[in-house]
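# Observations on chain architecture
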Amino acid sequence: MAKGTIKVNQDECKGCGLCVESCPQKGMELSPELNHYGIHPAFLNNDKCTGCGICYFVCPEPGALTVYKLAAGQTTADLAQHAEVAHAATV
Amino acid sequence: MNDYTVVHEKAPAFFDRFARKDENQHQTHYCPGCGHGVVHKMIADALTELGVQQRTILVSPVGCSVFAYYYFDTGNVQAAHGRAPAVATALKRSNPESIVISYQGDGDLAAIGTAEIVHAANRGENITVFFVNNSIYGMTGGQMAPTTLLGQISTTTPWGRRPNNDGMPIKMCEMLSALEAPAYIERVALSDAKHILQARKAVKKALELQTQHAGFSMVEILSPCPTILKMEPTVARHWVGEVLAKQFPLGVYRDHRAEFVPVDVPQKPLAELLGLGGEKLSDAERQSRRKNTQARTIKVAGFGGQGVLLLGQLLAEMGMREHMEVSWLPSYGPEMRSGSAHCHVTLAHERIGAPVITRPEVLIAMNEPSLRKFGPMVQVGGMILYNGRELPEDLQFEGTTVHCIPASQIADEIGAAKVANVVMLGAMLEATNCLPLATARTVLADMVKNPKLSEMNDRALDVGREYLDQDVLALAVAGPDGCGE
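Residues numbered from 1 in each chain as written. Chains lettered and ligands numbered in written order. Predicted model: local features only at pLDDT ≥ 70, side-chain atom pairs only at ≥ 80, totals over all residues.

## Description of the overall build of chain A
Selection criterion: Comment: elements are numbered from the N terminus, with helices defined as DSSP H or I runs of at least four residues and strands as E runs of at least two.
Across its full length, chain A holds three helices and four strands. For chain A, the α and β elements follow one another from N to C terminus as β-α-β-β-α-β-α.

## Focus on the environment of Ala-120 of chain B
Residue and element names in this part refer to chain B. Put simply, the test is: We call two residues in contact when the distance between their C-beta atoms, placed using the backbone, is within 7 Å.
Considering the arrangement of structural elements, one finds Ala-120 in helix α4 (residues 114–122). For the pair formed by Ala-120 and Thr-89, sequence separation is 31 residues and the distance between their alpha carbons is 7.1 Å. Sequence-distant contacts of Ala-120, defined by excluding residues within four places in its chain, comprise Pro-85, Ala-86, Ala-88, Thr-89, Glu-125, Ile-127 and Phe-216.

## Looking at the sheet that holds strand β16 (residues 401–405) of chain B
Residues and elements named next belong to chain B. Put simply, the rule reads: Following DSSP output, two strands are said to pair if at least two bridges run between them. Working convention: axes come from line fits to C-alpha atoms, limited for helices to the stretch in contact. Angles between N-to-C directions cover 0 to 180 degrees.
Read across the open sheet, the six strands follow the order β12-β13-β11-β14-β15-β16; overall the sheet is mixed. Whereas interior strands pair on both sides, the edge strands pair on one side only; in this sheet they are β12 (325–330) and β16. Strand-to-strand twist of the sheet, defined as the mean angle between neighbouring strand axes without regard to direction, takes the value 15 degrees. Note: strand β14 (residues 362–365) against strand β15 (residues 383–387), four bridges, orientation parallel. Residue pairing across strands places Ile-364 opposite Leu-385, the latter belonging to β15. Of the strands in this sheet, β11 (296–303), β12, β13 (340–348) and β14 are in contact with helix α12 (residues 308–321), which crosses β13 at around 10 degrees.

## Quick look at the packing of helix α14 (residues 407–414) of chain B against helix α15 (residues 420–432) of chain B
All names here are of chain B. In plain terms, the rule: We call a crossing left-handed when the near helix sits turned anticlockwise from the far one by less than a right angle, and right-handed when that turn is clockwise. Classes in brief: Ala, Val, Leu, Ile, Met, Phe, Trp, Tyr, Cys and Pro nonpolar; Asp, Glu, Lys and Arg charged; the others, Gly included, polar.
Across the interface, α14 lies against α15 with an axial gap of 8 Å and an inter-helix angle of 115 degrees. Of the two possible hands of crossing, α14 and α15 adopt the one that is right-handed. Across the interface between the two elements, Ala-407, Ser-408, Ile-410 and Ala-411 of α14 pack against Ala-420, Val-423 and Met-424 of α15. Residue composition of the contact of α14 with α15, grouped by class: six nonpolar, one polar and no charged.

## Quick word on the packing of α12 of chain B against α15 of chain B
Residues and elements named next belong to chain B. Note the threshold: Our angle categories are set so that under 35 degrees counts as roughly parallel, over 145 as roughly antiparallel, 65 to 115 as roughly perpendicular, and the remainder as oblique.
Relative orientation of the contacting elements α12 and α15 amounts to 40 degrees, with a least axis distance of 9 Å. In terms of orientation, α12 and α15 fall into the oblique class. Where α12 crosses over α15, the handedness of that crossing is right-handed. Where α12 approaches α15, its residues Val-308, Leu-310, Leu-311 and Leu-314 are matched on the opposing element by Asn-421, Met-424 and Leu-425. Residue classes in the contact of α12 with α15 are distributed as six nonpolar, one polar and no charged.

## A few points about the interface of chain A and chain B
Opposite the 31 residues of chain A that make contact, chain B presents 30 residues. Mapped by element, the contributors of at least two residues to the side of chain A that touches chain B are α1 (18–22), α2 (54–58), β4 (65–70) and α3 (80–90) of chain A. Looking at the side of chain A that touches chain B element by element, the count peaks at five residues for β4 of chain A. A class-by-class count of the residues in the side of chain A that touches chain B yields 15 nonpolar, ten polar and six charged.

## Regarding the environment of Met-447 of chain B
All names here are of chain B. Threshold: Here the C-beta atoms are placed from the backbone, and a residue counts as buried if at least 20 other C-beta atoms lie within 10 Å of its own, exposed if 12 or fewer do, and partly exposed otherwise.
Its location among the elements puts Met-447 in helix α16 (residues 437–447). The exposure class assigned to Met-447 is partly exposed, which follows from the 13 C-beta atoms found within 10 Å. Along the sequence, Met-447 and Leu-314 sit 133 residues apart, while their C-alpha atoms lie 8.1 Å from each other. If we skip the residues at most four places from it in the chain, Met-447 touches Leu-314 and Glu-317.

## Observations regarding the nonpolar core
Put simply, the rule is: Connectivity within a nonpolar core runs through C-beta atoms within 7 Å, and the core itself is a set of buried Ala, Val, Leu, Ile, Met, Phe, Trp, Tyr and Cys residues.
Core analysis: the largest hydrophobic core is formed by 100 residues, its most contacted members being Cys-19, Cys-55 and Val-58 of chain A together with Val-59, Phe-130, Val-203 and Ile-221 of chain B. Sequence-distant contacts of Cys-55 of chain A, that is, excluding residues within four places in its chain, are made with Ile-6, Cys-19, Ser-22, Cys-23, Met-28 and Leu-65 of chain A.

## Topic: the domain arrangement of chain B
Interface size, as often reported, equals the accessible area lost upon joining of the parts. Quick reminder of the rule: Domain segmentation is taken from an automatic or database assignment of domains.
On domain assignment, one finds that chain B holds domain 1 (35–254) and domain 2 (284–478). One C-alpha centre belongs to domain 1 of chain B, the other to domain 2 of chain B; they are set 53 Å apart.

## Focus on unusual backbone geometry
All names here are of chain B. Phi is positive for His-213, close to 55 degrees, though the residue is something other than glycine. As for its position among the elements, His-213 is in the loop between α7 (193–211) and β9 (217–222). By the C-beta count within 10 Å, which is 10 here, His-213 ends up exposed. For Lys-230, which is not glycine, the phi dihedral falls at a positive 55 degrees. Note that Lys-230 resides in the loop between α8 (226–229) and α9 (233–247). By C-beta crowding, Lys-230 is classed as exposed, having 11 other C-beta atoms within 10 Å.

## Notes on the sheet that holds strand β3 (residues 75–78) of chain B
Residue and element names in this part refer to chain B. Taken in spatial order, the seven strands line up as β3-β2-β4-β5-β9-β8-β10 in an open sheet, and their pairing is mixed. Among the strands making up the open sheet, the edge pair consists of β3 and β10 (251–254). Strand-to-strand twist of the sheet, defined as the mean angle between neighbouring strand axes without regard to direction, takes the value 20 degrees. As judged from the five bridges shared by strand β4 (residues 99–105) and strand β5 (residues 128–133), these two strands associate in the parallel manner. Note that in β5 the partner of Tyr-103 across the bridge is Phe-130.

Here is the structure:
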């Protein structure tokens, strides 16, 4: 289970792809679907996110990305449901 | 996501919604992949981390980032093109505890605003400048900027920039680091994640130095403009690293403030410098000292040479002696050479906002053209003192008390045409009672050094008063509309 995760604001993302290129885990991808504004927004496509925040730093939009890290002392075992939540938040 | 904690999110230094237009308030107006957004986030995060958002004033420039005030929940001022460092200077000096940021692009800072940035840096103003350099005029559609690279195509260099015709790309960091005053100058780039992280550190450091009153700090940020460069956002930022950063080398250009050798200049109190004795009064004392005075807005107008401006100065000086708030605003320049001259005098009991008077309470018109020009502007219930035996036949001023005093003629009889203005002063003081007569005598004695003229001034003052008294008497006899005292 991932040490971190992110949430993409699907409406604010402009699909520039800087996070896709920058993610050290190759975890970002542009959605094949168009959003309401005719843009292919980014989403997290694997469970290797470390919560490093690089996608946030390179993203030009103030609120398009929110980065989460697993709370200290937490194990990854019981987080299956959170992955679903995280996934739901990105789609 | 109960077990996850937020580590990075939209900084509180941003507004929740960006109310630039009715639609699309959830995102910035910048193009996809624009460097401005990345820099905005660096600044917003740094303001939060340093805890200075509430005392920050951001000066936005002209350029794509002109709308920065829709994004930053800080104090905001939008400056004219290139003037942001000058505006920032004023903001910082008048609010020394504020954190003042001048946010500028290369057209703004390196072209039209070259003078402002050079002198703000040279004065060592304790402000922080973020200089976003994308080598092109973005907002206006891709014209050559001073920072445009040699050979780079722009709408105004369609075959590429040529040094023999267009000069060389201007290197602001190198230029400004030749000055002694700046405290910190660094150039960074938004070319990839690693460099963006370095840029974040530089942005935060620059702001932190300002909190320590370290002096002038500037970070130049090489930034992609995917739209004008006609590149994909990822390609544009590679270009920044591989091409732009070759011409504009990254690095720290200044990391300390030169030690100024203190120059000991004795600072005299202003009042002492002006020979005013430097009397210090409490507000209550000031109030009581002003009780013999009345607030007035006065316009004095006439030909150049009639002592129009001097009369204004006399009034202002008298007001000052009576501890009033005063202002004196002359009309300057070609307008007054051998033509009409005028000045505005405000005598007030409160602080004066603007020294310009559009609707004066009192007009002293030293000639007919001035009367015709400014008479209609006098407030209802106001007063006109006209240098003449009577009003021209075709003129009348409803709701205004008019006193005609043939001051030039009286002055001639006294022996010097130039004391006509003092005749009018005497009449005006008698008519309005706005300042004590004794003060007029003192000020005249102090300001006019020639003893012969001084003596004539004294007489002029008295004759003006007496004439006014007779005039009032005549008005009172003539009808009920006279100002009969």
